Amino acid sequence: MWEVGKLDFHFKVADPYSVKPTHGSLGMGGSMQVHISYNPTVTGSQIQDMVLQYDTGEDVSIELSGNATDANVRLEKTLLKLDTTYITMSTQKSITIHNRSNIVVHYQWKKFATIMEEKKYQRYAVYGFGEGGGRRDAGFY
């Protein structure tokens, strides 16, 4: 008779993939279900390795592959001109979103067209960094 311990492990994966749980332990003959999610921010194929690291120091690579396409979702109009109004008053118009795809689409209104534009703005507005990586107010101290 001998003692059989448990095997501890954790996963390493980068965006646009994620894994739950990120770590765990298994006893002899044990198994567990792992959920891998793919949340792309650009269209096209994305392939990368997820690494399973055992507490013994052994690493096992698992190839992940995902493909993202644009859904056929469009706005009724590309320009919405609001009527002239007076200060302290308001004006309203409606716009229609058409989903001509066979999938349920979750959406939200955003200020920027792409995630790259949003991150560029955040670097500049929040941290004070411009295109070249320098401070926007450099030289004014």
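Residues numbered from 1 in each chain as written. Predicted model: local features only at pLDDT ≥ 70, side-chain atom pairs only at ≥ 80, totals over all residues. Heavy atoms only, no water.

Re the packing of aromatic side chains
Next, step 1: Throughout the structure, instances matching the rule amount to 4 aromatic pairs.
Next, step 2: Judged by centre distance (5.7 Å) and plane angle (80 degrees), the ring pair of Phe9 and Phe11 falls under edge-to-face. We note that Phe9, like Phe11, is buried.
Next, step 3: When the centroid spacing of 5.2 Å and the interplanar angle of 40 degrees are considered together, the rings of Phe112 and Tyr121 count as tilted. (Phe/Tyr/Trp six-rings, centres within 6.5 Å; stacked < 30°, edge-to-face > 60°. Buried < 20%, exposed > 50% of the residue type's maximum accessible area, 1.4 Å probe, protein only.)

A look at the pattern of salt bridges
Next, step 1: Using the criterion set out here, one finds 1 salt bridge in the structure.
Next, step 2: Across the pair Lys93 and Asp83 runs a salt bridge whose closest N-O atoms are separated by 3.8 Å. Here Asp83 lies in the loop between β7 (73–75) and β8 (97–99) and Lys93 lies in the loop between β7 and β8, a separation of 10 residues in the sequence.
Next, step 3: Judged by relative accessible area, Asp83 falls into the partly exposed class, the value being 46%. (Salt bridge = Lys/Arg side-chain N within 4 Å of Asp/Glu carboxyl O. Helix = DSSP H or I, 4+ residues; strand = E, 2+ residues; numbered from the N terminus.)

Comments concerning the sheet that holds strand β1 (residues 7–12)
Hydrogen bonds along the backbone pair up the strands of a sheet, which may run parallel or antiparallel.
Next, step 1: Spatial ordering of the open sheet is given by β3-β1-β5-β6, a layout of 4 strands whose pairing is antiparallel. With partners counted over all chains shown, the strands left at the sheet margins are β3 (23–26) and β6 (59–68), one partner each. Strand after strand, the sheet turns through a mean of 25 degrees between neighbouring axes, direction not considered.
Next, step 2: Pairing between β1 and β3: 4 bridges, direction antiparallel. Bridging across to β3, Phe9 finds its partner in Gly24. (Pairing = 2+ DSSP bridges. Axes fitted to C-alpha atoms, helices over the stretch in contact; angles between N-to-C directions.)

Quick notes on the confidence of the model for the protein chain
Low pLDDT means the predicted coordinates in that region are not meant to be read closely.
Next, step 1: Confidence in the prediction of the protein chain, expressed as mean pLDDT, is 84, and 87% of residues score 70 or more.
Next, step 2: Low pLDDT, under 50, characterises residues 135–141; the stretch is placed with 7 contacts to residues that sit more than four places away or in other chains. (pLDDT = per-residue confidence, 0-100. Contact = heavy atoms within 4.5 Å.)

Observations concerning the nonpolar core
Next, step 1: If you look at the biggest cluster of nonpolar residues, it comprises 7 residues: Phe9, Phe11, Tyr17, Val19, Met50, Leu52 and Leu64.
Next, step 2: Secondary structure elements with two or more residues in this core: β1, β2 (17–20) and β5 (44–54).
Next, step 3: When near neighbours in sequence (up to four residues on either side) are disregarded, Phe9 contacts His23, Gly24, Ser25, Leu26, Met32, Leu52, Gln53 and Tyr54. (Core = buried A, V, L, I, M, F, W, Y, C linked by side-chain atoms within 4.5 Å.)

Quick notes on the side chain of Gln53
Next, step 1: Among the structural elements, Gln53 can be located in strand β5.
Next, step 2: A distance of 2.7 Å separates polar atoms of two side chains, one belonging to Gln53 and the other to His10.
Next, step 3: Residues in contact with Gln53, not counting those within four places in the same chain, are Asp8, Phe9, His10, Lys12, Glu58 and Asp59. (Polar contact = N/O pair within 3.5 Å; in protein donor to acceptor, adjacent residues only side chain to side chain.)

Brief notes about the pairing of β6
Next, step 1: Both β5 and β6 contribute to a ladder of 10 bridges, which runs antiparallel. Residue pairing across strands places Ile47 opposite Ser65, the latter belonging to β6.
Next, step 2: Taking the residues between adjacent antiparallel strands as the criterion, β5 and β6 are bridged by 4 residues, where Gly57 takes a positive phi near 100 degrees.

Here's the deal with the pairing of β2
Next, step 1: Here β2 shows a buried face lined by Tyr17 and Val19 and an unburied face lined by Ser18 and Lys20.
Next, step 2: Bridge count for β2 against strand β4 (residues 35–38) is 4 bridges, and the pairing is antiparallel. Counted as the bridge partner of Val19 is Ile36 from β4.

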